[in-house]
Amino acid sequence: MCRAGGPCLLLALKKPSKMSGLLSVLLHLLLLFKLVAPVTFRHHRYDDLVRTLYKVHNQCPHITRIYTIGRSVQGRLLYVLEFSDYPGTHELLEPEVKYVGNMHGDEVLGRELLLQLSEFLCEEFRNRNERIVQLIQGTRIHILPSMNPDGYEMAAAQGPNTYGYLIGRNNANGVDLNRNFPDLNTYFYYNEKYGGPNHHLPLPDNWKSQVEPETRAVIRWMQSINFVLSANLHGGAVVANYPYDKSLGHRLRSSHRAATTPTPDDKLFQKLAKVYSYAHGWMYQGWNCGDYFPDGITNGASWYSLSKGMQDFNYLHTNCFEITLELSCSKFPHQEELEREWLGNREALIQFLEQVHQGIKGMVLDDNNNNLTGAVISVAGINHDVTAGEHGDYFRLLLPGTYSVTATAPGFEPYTEVVTVGPAEPKLINFHLKRSSTQVSSRRRASHGGQGGRVKVQPHIPRKKDTATKQPHRGPA
């Protein structure tokens, strides 16, 4: 991992004999940091934000799509800008990743960075930047610049010159959206001790009445798309924060006792956080805003415990691995600071997106080559499973190593395979599950006297991506 600003290049120069490595690093940096069209660094009110999103879409109509996931309390649409070579489509074995900004209305840097990132991706794709072209062709990227547009408008009315905390942190109903998701941690901690599901924990029956409109919209969004990786952009500190946010000892509403509370994927989350921190201009240094975080990262609960947060909810209810990025000491930076902040975060934002391409992925099919939606993928020694998506493809982020991976589905015999994962591209592991003997017997008894049979369907297991011949599968709009 290399810090923004040039340490990769300096490291390469110390080894002049490895000319190919030097050329590779130089090309990598030139591809990302070549001059782009002039960008205006300023704060964007709601109407400006919408215009900027549509401007990017109009400039790159073939790789972008604008859609909405709901409305805020005051009726503002929650806009998402998608980047993909097939916008609006889930392509088999192509992972989905998201960025969410401005969850707290007065923490505005994330909102501006995501608008800058949108312009950057569009411009660099048009310039045929090889790295960006490859990223967009191999990844479906969703950008929600503002989850709390009502709170932002309240904060922006005061502006960055106000001392102390701005109003607008909460939504228009006065609710902190990062304390508003259903609390699934308590259920998981219980299941971990006494036995029970370790993933896709169900929501309470009355969950819709317990959350705000913005939260409800984001939960439905998470449920409609099989996200693999995510980051939630905040302000007020400079650190990459990973789950869990809620400590095991967090019992009472008034209790915020800090205690490191790792997930079963703790080492992976630490790696994801370090990727962002060390690619950032100064986060990795640790000393920022009067706080010290070694390597610029922290377990959320070891910093302070919070309940009903979004990153824990992602991990416990969906297949998505999310971290929280605190990106500025000032919650509402002055306009003249925005360019420096963009330059400090640009490489980190790109590198984090690239982290979705690691571990294993593949298809789960039955003995007639039909997709097994919802099949469970388990990794021995890691008490957190993932499931196959609507089209039968699954994604499991893993660090390099050797793993025993098992695919299971109701009515089918489980199948286990030993997999060695490398540090580069994800390894393709397809599972073909056979019906259990009891299922086969019952199906044979039911078929006596019947007509016809099942039509055998040839499996659609994509090979290496071919942009001229690939067949996209329509996903949720």
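Everything discussed here concerns the structure shown above.
All values reported here derive from a predicted model rather than from experimental measurement. (Residues numbered from 1 in each chain as written. Predicted model: local features only at pLDDT ≥ 70, side-chain atom pairs only at ≥ 80, totals over all residues. Heavy atoms only, no water.)

A. The arrangement of the sheet that holds strand β10 (residues 297-299) in detail. With mixed pairing, 8 strands are arranged side by side in an open sheet as β1-β2-β5-β4-β6-β11-β7-β10. Strands at the two margins of the open sheet, each flanked by one partner only, are β1 (64-71) and β10. Put simply, the sheet's adjacent strands are angled 25° from each other on average, direction ignored. Sheet topology note: the strand β6 (residues 227-234)/strand β11 (residues 321-328) ladder contains 6 bridges and is parallel. Paired with Ala231 across the strands is Ile323, a residue of β11. Across the sheet, helix α3 (residues 46-59) touches β1 and β2 (77-83), and the angle it forms with β2 is around 25°. Packed on one face of the sheet, helix α10 (residues 266-279) meets β6, β7 (237-242), β10 and β11 and runs near 35° to β11. (Pairing = 2+ DSSP bridges. Helix = DSSP H or I, 4+ residues; strand = E, 2+ residues; numbered from the N terminus. Axes fitted to C-alpha atoms, helices over the stretch in contact; angles between N-to-C directions. Contact = heavy atoms within 4.5 Å.)

B. Region of interest: the packing of aromatic side chains. Throughout the structure, instances matching the rule amount to 17 aromatic pairs. Aromatic ring contacts, followed pair by pair, group Tyr189, Tyr244, Phe269, Tyr315 and Phe321 into a single cluster. A cation over an aromatic ring shows up here: Lys98 above the ring of Phe227, its NZ or CZ 5.4 Å from the ring centre. Sitting above the plane of the Tyr152 ring, Arg111 keeps its charged end 3.5 Å from the centroid. (Phe/Tyr/Trp six-rings, centres within 6.5 Å; stacked < 30°, edge-to-face > 60°. Lys NZ or Arg CZ within 6 Å of the ring centre and 35° of its normal.)

C. Main features of the packing of α3 against helix α4 (residues 109-126). At their nearest, the axes of α3 and α4 sit 10 Å apart, and the two run at 15° to each other. Relative to α4, the element α3 is oriented roughly parallel. Relative to α4, α3 is oriented so that their crossing is left-handed. Together, Tyr46, Leu49, Thr52, Leu53, Lys55, Val56 and Gln59 of α3 and Arg111, Leu115, Ser118, Glu119, Cys122 and Arg126 of α4 make up the contact between the two elements. Residues belonging to the contact of α3 with α4 are distributed by class as follows: 6 nonpolar, 3 polar and 4 charged. (Parallel < 35°, antiparallel > 145°, perpendicular 65-115°, else oblique. Left-handed = near helix turned anticlockwise from the far one by under 90°. Nonpolar A, V, L, I, M, F, W, Y, C, P; charged D, E, K, R; others polar.)

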